[in-house]
Amino acid sequence: MNQKCKYYCYRNTRKANKTDILRPDKIELVIFDMDGVLTDTISSWKYIHDYFGSSNERSVDEYLKGKIDDMEFIKRDVSLWQKDDNPVTRDKLADILSDVPLMKGSEKCIVFLKNHDVKTAIVSAGLDILANRVADELGIDYVFANGIKTDNKGRIAGEGLLNVRLMYKEETVRRLVKQSEISPRRIAAVGNSCFDIPMFETCGLGIAFNPEDDCVREVADVVVEGKDLSRIIPVFEQFIN
Ligand SMILES: [Mg+2]
């Protein structure tokens, strides 16, 4: 057990995958994790569990130990919210998540990047309902997050829509590289947990923001402590021509 890690470290089931990528000469795209980075919340999934008084601790543990996959993980989470007599709708989830606050300094940080023609993206294993709202409010260019299937009345149907595998965010980085046609070297990734390490390993610059444990702190190229995203701006200033 890796004591540096807040949770059962996923590195116990997944090896490090550091690529020999060069440090950026300039930055053209910044990828942000959502939960704990763009939003001031631990997890969008947990936010909904807290609302319904449910807990997904058991499936988190089984997922991290490799006993269940992402799809099963999402399915189990959703099943805890479903009530036969009072079906949960997508609108209800959006309503619950509408209270999730943006991280302090997030607007300032995104405005700075936009003013310097740097593209922005969210890569989150959290819920797309929240990711799309955050992207709209901040003006973010690309959004990758996970969804929940609904029926024709907007009621959640028990299955997930998997876009981002929590332990394999580098897969999403690769999709983003293709879509944006920006070299990985010129991409910075900002994250707060060890699930963001695979992004650090595939991008030119990895920034740990308000990191939740030493596991992510040690792998990052830069560490920014505290809950204020505008503190990252001086890091970007070094890579903007
Ligand atoms: Mg996070």
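You'll find the structure just up there.
This text gives an overview of the structure that appears in the document. (Residues numbered from 1 in each chain as written. Predicted model: local features only at pLDDT ≥ 70, side-chain atom pairs only at ≥ 80, totals over all residues.)

On to the nonpolar core, then. Ranked by internal contacts, the top residues of the largest apolar core, which has 67 residues, are Ile31, Ile122, Val190 and Ile207. Sequence-distant contacts of Ile31, that is, excluding residues within four places in its chain, are made with Ala121, Val123, Val173, Leu176, Ile187, Ala189, Val190, Met199 and Cys203. (Core = buried A, V, L, I, M, F, W, Y, C linked by C-beta atoms within 7 Å. Buried ≥ 20, exposed ≤ 12 C-beta atoms within 10 Å, placed from the backbone. Contact = placed C-beta atoms within 7 Å.)

Here the focus is the sheet that holds strand E3 (residues 142-150). If you trace the seven strands from one edge of the open sheet to the other, you get E4-E3-E2-E1-E5-E6-E7, paired in mixed fashion. Because the sheet does not close on itself, it has two edges, and the strands there are strand E4 (156-161) and strand E7 (222-224). Recorded for the sheet is a direction-independent mean angle of 25 degrees between the axes of neighbouring strands. Pairing between strand E1 (residues 29-32) and strand E5 (residues 187-191): four bridges, direction parallel. Counterpart to Val30 in the pairing with E5 is Ala188. (Pairing = 2+ DSSP bridges. Helix = DSSP H or I, 4+ residues; strand = E, 2+ residues; numbered from the N terminus. Axes fitted to C-alpha atoms, helices over the stretch in contact; angles between N-to-C directions.)

On to helix H3 (residues 70-79), then. Turning to H3, its buried residues number three or more, namely Phe73, Ile74, Asp77 and Val78. The buried residues of H3 occupy an angular sector of 130 degrees when the element is viewed end-on, so they sit on one face. The inward-facing, buried residues of H3 abut helix H1 (44-52), helix H2 (57-64), E3 and E4. (Arc of directions from axis to C-beta.)

What follows deals with unusual backbone geometry. Unusually for a residue other than glycine, Glu181 sits at a positive phi of about 55 degrees. Note that Glu181 resides in the loop between helix H7 (169-180) and E5. Located in the positive-phi region is Asn210, a residue other than glycine, with phi close to 40 degrees. Relative to the helices and strands, Asn210 resides in the loop between strand E6 (205-209) and helix H9 (214-219).

Turning next to helix H5 (residues 106-115). Along H5, the positions that sit buried rather than exposed are Ser106, Cys109, Ile110 and Leu113. The buried residues of H5 occupy an angular sector of 95 degrees when projected down its axis, which confines them to one face. Those residues of H5 that are buried are in contact with E1, strand E2 (119-127), helix H6 (128-138) and helix H10 (233-237). With its phi angle positive at about 60 degrees, Asp117 sits one or two positions after the end of H5.

Once that is clear, we can look at the pairing of E1. Sheet faces and side chains relate simply in a regular strand, where the side chains alternate between the two faces. What you see with E1 is no split at all: Leu29 and Ile31 on one side and Val30 and Phe32 on the other are buried throughout. Two elements, E1 and E2, share four bridges in a ladder whose sense is parallel. Across the sheet, the residue bridging to Val30 is Thr120, located in E2.

Nothing here speaks to function; it is geometry throughout.
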